[in-house]
Each structure stands twice: as C-alpha cells, then as structure tokens.
Amino acid sequence: MKLVRKDIEKDNAGQVTLVPEEPEDMWHTYNLVQVGDSLRASTIRKVQTESSTGSVGSNRVRTTLTLCVEAIDFDSQACQLRVKGTNIQENEYVKMGAYHTIELEPNRQFTLAKKQWDSVVLERIEQACDPAWSADVAAVVMQEGLAHICLVTPSMTLTRAKVEVNIPRKRKGNCSQHDRALERFYEQVVQAIQRHIHFDVVKCVLVASPGFVREQFCDYMFQQAVKTDNKVLLENRSKFLQVHASSGHKYSLKEALCDPTVASRLSDTKAAGEVKALDDFYKMLQHEPDRAFYGLKQVEKASEAMAIDTLLISDELFRHQDVATRSRYVRLVDSVKENAGTVRIFSSLHVSGEQLSQLTGIAAILRFPVPELSDQEDDSSSEED
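Residues numbered from 1 in each chain as written. Predicted model: local features only at pLDDT ≥ 70, side-chain atom pairs only at ≥ 80, totals over all residues. Heavy atoms only, no water.

**Q** Help me understand the overall build of the chain, please; the structure alone is not making it clear to me.
**A** Within the chain one finds 13 helices and 16 strands. For the chain, the C-alpha atoms occupy an extent of roughly 80 × 75 × 35 Å along the three principal directions. Per-residue burial for the chain yields a buried fraction of 49% across its 385 residues. Accessible area for the chain stands at about 19,500 Å²; split by element, carbon and sulfur atoms hold 45% of it. (Helix = DSSP H or I, 4+ residues; strand = E, 2+ residues; numbered from the N terminus. Buried < 20%, exposed > 50% of the residue type's maximum accessible area, 1.4 Å probe, protein only. Areas by Shrake-Rupley, 256 points an atom, 1.4 Å probe, with all protein chains shown as cover.)

The following block contains the structure:
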C-alpha cells in the first residue's frame, strides 16, 4: 500500500489518499472503510444519452465520484472490494443522492475521509504501508490425493490452489495404478507450487502432512528438479521445511505453524506470533484459568484492574456497524497499550483468527490472577451471546 497524502486534524477528523498495490492491500482497505465514511475514487458509470433525432443510447464513462458509504462487500478469494453508497458531490453524470457501487482496484488511488480516525485504523495504515509486511511464508498442506497451496501473509491465509486426484488403493501384487496416480498427484502439486509461490519473496515453504507423504513428495519433487534442471526449485531447496499435520485440509495449517521448529524459523513473522499467543492463552486457560479471560465484559474488568499482559482481539470486531460498540473495543486496545500491555490484532482470515472468533473474538492473558472475576464468567458469556 502506498500512502499518497494524509490530512488529519487535531480532533482526528480528516482524510487519507492511498494506492493499493497488492491483492492483500484490498483486505487492509476493507478494514479501513466503514459505513458513514466518505470515499472518493475513479469508477465507471453507465450513462444514457439522447441524440438529436431522439434515439436513446447508453455508453460507459469513467468518472470520479464521492460516496457516503452504506455497504461494503469483500471477496477474500478474488481480493475484490465493492463499496456501495450515495453520491454526495456534484457530478456531470451522476446526480446528488443517486446510488452507485465503486469497485476499488489495485494501482488506482482513492481518498477516504472520516469524522474520527481512531488508533486502530491509523496503525493498520502504518502496517499496510510498511514494505516489510509481505507474504513471507508459503505452505503446502497435503495428504494422499489432496493438497492445498497457501500463502500466509501477515493479515490473511490465502488458498492459492487446491489439488485433488483420486488415488486407487494398492492391490496385492499390483501397485502400478496406485503409483501412477500418486506420481500424477505429486506432479500437479509441483506445478501449483511453481505457479503460485514467488521464491524471491517467500522466506519459507512449509510442507505439512500426516505419515510419510511429505518426505515422499519432497523426494519426488527434487528428483524431478534434478532431471529437468529446474534451477528455481534447486536454488530454493533450503527454504522447504517438512512438518507434521493431521490432514491435507486448510485447518491443519495451524498445527504446522505451532510446530516449535517452524516457530523458530518464522520467529519474525506476525502469523507465527498470533499462533503462539493463542497457544499461550490455551495453555494458561488449562493450567491457570484465573489468568486467562475471554469475552468483552471480563476482559474490560481485567483491563480496569491493569492486569492484562497480552490482549488478543479479532479485527472482525473493529468492523462492527455500531459506532459505540466499535469505540468500546478501540478504548480497550488503547487502555492495554497505556498500561504497557501487548496487543495482538488477529486477522479473521487467518486460521488462528478463526479460532479466536470462536472465543467471542476477544481474550486476554493476565499478569496476575484475578480470581474475583472468575465468578462473573457465566454472566459474561451469556451477555456475549
């Protein structure tokens, strides 16, 4: 993401002009735009024209509109963002108050104006514009006949390809059909890796599977690379890391990211940090439940006691339509930071973020036990429901 201009007043009202440069930037933009904001961007509008003879025709024109945002739709697989709203600025093609949907595109700038820019949104802009935040981890989660090729960025887990091949069972004295199908499956996975993983950006490629599938696949891949003199695969051989996973489904990626070998290799990535924080929370919940809280009401009370060491919160909560509720989450984040706590904002598109969402989307690891709050757990849970 490129920051073109930033004009924010002391009262936190103002506007920023940004240019999304990568597909992931559209996810950041989705988290920045909220209902009630003002969005100015170039768009295409179908306009009706009437000729001198009275015949009516229509043509598509590119124009710049300013909308008051009413609805936001994000397609996570295609990384496309559509913003619907009413026109609030005079335009020769679109009358005031008319509805229009702008599809925000990569490499085309937009200006976003808000009455109140809070700390969470401003921090996301900083992160989005920092070139160090990029897709530095790839993963191949596989089992015999099924593989998912994923990119793990700091903000989301993107499934780039799914490979499915029917593998016949081994028969007594005749394994040729099984072996041929398995070889065909491995070849398709290798092709998907070469098509979707950019080795100049990716620091590490996790190959995760149950049993010996990962070892057999890696042996096949590098044997073929030697035969075909595939320099890209051979030069990046050291980036491949084999780890255990219970299946070839995407959710097994969390197990791979939790592996201590992987954690040490990916110690500087946000994704690994999220997984470790969630893992620490579960351990604390099991061994010292007085130091592991979840649910907004309980976490707020722990914050009032200045007891929060690490706050885990889903970015989904900051997209809440109710301004007062959203402000409540922002105040909580600011409070934890003021009291020297660590705040980890989880992406709802990460496997770890999906798990946190099942715990109401907010949890905290405390510095010291707060037993008197444990009695209120049931109340808190019912209120969250």
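**Q** What is the right way to look at the sheet that holds strand β8 (residues 137-143) in this model?
**A** Hydrogen bonds between backbone groups are what pair the strands of a sheet, and the pairing can be parallel or antiparallel. With mixed pairing, 5 strands are arranged side by side in an open sheet as β10-β9-β8-β11-β12. For this open sheet the edge positions go to β10 (157-164) and β12 (240-244), each flanked by a neighbour on one side alone. On average, each strand axis in the sheet is tilted by 20° relative to the strand beside it, whichever way the strands run. Contacts from helix α4 (residues 213-228) reach β8, β11 (204-209) and β12 within the one sheet, and its direction differs from that of β12 by about 160°. (Pairing = 2+ DSSP bridges. Axes fitted to C-alpha atoms, helices over the stretch in contact; angles between N-to-C directions. Contact = heavy atoms within 4.5 Å.)

**Q** Looking at this model, I keep getting lost on the pairing of strand β6 (residues 99-104). Mind explaining?
**A** Side chains on a regular strand alternate between the two faces of the sheet. Residues of β6 alternate between two faces, with His100, Ile102 and Leu104 buried on one and Tyr99, Thr101 and Glu103 left unburied on the opposite face. In this structure, strand β5 (residues 80-87) lies alongside β6, joined through 6 bridges in antiparallel fashion. Bridge pairing links Gly85 to His100 in β6.

**Q** Looking at this structure, I do not really get the sheet that holds strand β15 (residues 342-346). What am I missing?
**A** Ordered by their spatial adjacency, 4 strands build an open sheet running β13-β16-β14-β15, and the pairing between neighbours is mixed. Here the strands that pair on one side only, and so sit at the sheet edges, are β13 (292-294) and β15. Between one strand and the next, the sheet's axes are offset by a mean angle of 15°, whatever the strand orientation. The pairing of strand β14 (residues 308-314) with strand β16 (residues 362-366) spans 5 bridges and is classified as antiparallel. Directly across from Leu311, in β16, lies its bridge partner Ala364.

**Q** Just to check I follow, could you spell out the pattern of salt bridges for this structure?
**A** When the charged atoms of two side chains with opposite charge come close together, those side chains can pair. Overall, the coordinates contain 14 salt bridges when judged by the stated rule. Taking the shortest distance from any N to any O, the salt bridge between Glu103 and Arg82 comes out at 3.4 Å. Of this pair, Glu103 sits in strand β6 while Arg82 is found in strand β5, placing the two residues 21 residues apart along the sequence. Among the residues examined, Arg82 registers a relative accessible area of 30% and is labelled partly exposed. Of the charged contacts in the structure, one is a salt bridge between Arg319 and Asp315, with a shortest N-O distance of 3.6 Å. A single network of salt bridges, built from pairs that share partners, joins Asp73, Arg82 and Glu103. (Salt bridge = Lys/Arg side-chain N within 4 Å of Asp/Glu carboxyl O.)

**Q** Can you help me understand the state of the cysteines in this one?
**A** Simply put, the disulfide is a covalent bond whose two ends are the sulfur atoms of two cysteines. Tallied over the entire structure, the rule returns 0 disulfides. Not part of a disulfide, Cys258 finds its nearest cysteine sulfur in Cys204, a span of 15 Å. (Disulfide = S-S within 2.5 Å.)

**Q** Where do I start with α4 in this structure?
**A** In an α-helix, one turn spans 3.6 residues, which is why side chains three or four residues apart end up on the same side. Along its 16 residues, α4 runs 22 Å from first to last C-alpha, staying within 8% of the 22 Å computed at 1.5 Å per residue. Of all the positions in α4, only Val213, Arg214, Phe217, Cys218, Tyr220, Met221, Phe222 and Ala225 are classed as buried. The inward-facing, buried residues of α4 abut β8, α3 (176-196), β11, α5 (231-235) and β12. Asp229 occupies a position one or two residues after α4 and carries a positive phi of about 55°. (Expected span 1.5 Å × (residues − 1).)

**Q** How should unusual backbone geometry be read in this particular structure?
**A** Peptide bonds are trans in most cases, and residues, glycine excluded, mostly fall at negative phi. With a phi angle near 70°, Asn12 is a residue other than glycine that sits in the positive phi range. Within the secondary structure, Asn12 is located in the loop between β1 (2-8) and β2 (14-19). Looking at Asn12, the relative accessible area reads 28%, which means it is partly exposed. With a phi angle near 65°, Asn107 is a residue other than glycine that sits in the positive phi range. With relative accessibility at 59%, the residue Asn107 sits in the exposed group.

**Q** Just to check I follow, could you spell out the pairing of strand β3 (residues 38-50) for this structure?
**A** Judged from the 13 bridges that link them, β3 and strand β4 (residues 56-75) form a sheet pairing that is antiparallel. Bridging from a neighbouring strand, Ser42 pairs with Thr64 of β4. From the end of β3 to the start of β4, which pair antiparallel, there are 5 residues, and Gly54 there has a positive phi angle of about 100°. Relative to strand β7 (residues 110-114), β3 is paired through 4 bridges, and the arrangement is antiparallel. Its bridge partner being in β7, Ser38 is matched across the sheet by Ala113.

**Q** Whenever I open this one, the packing of helix α9 (residues 296-304) against helix α10 (residues 323-338) confuses me. Can you help?
**A** In a packed pair of helices, the relevant descriptors are the angle between the two axes and the axis-to-axis distance. Interaxial distance between α9 and α10 falls to 10 Å at its minimum, and their mutual angle equals 35°. Our pair here, α9 against α10, has a crossing hand that is left-handed. Taken together, the residues of α10 that come into contact with α9 (itself represented by Leu296, Val299, Glu300 and Ser303) are Arg328, Tyr329, Leu332, Ser335 and Val336. For the contact of α9 with α10, the class distribution of residues is 5 nonpolar, 2 polar and 2 charged. (Left-handed = near helix turned anticlockwise from the far one by under 90°. Nonpolar A, V, L, I, M, F, W, Y, C, P; charged D, E, K, R; others polar.)

**Q** Can you help me understand the environment of Val370 in this one?
**A** Tracing the backbone through its elements, the reader meets Val370 in the loop between β16 and α12 (371-374). Once you skip the residues sitting within four places of it in the chain, Val370 turns out to touch Asp290, Phe293 and Ala307.

Worth remembering: the numbers are spatial, not functional.
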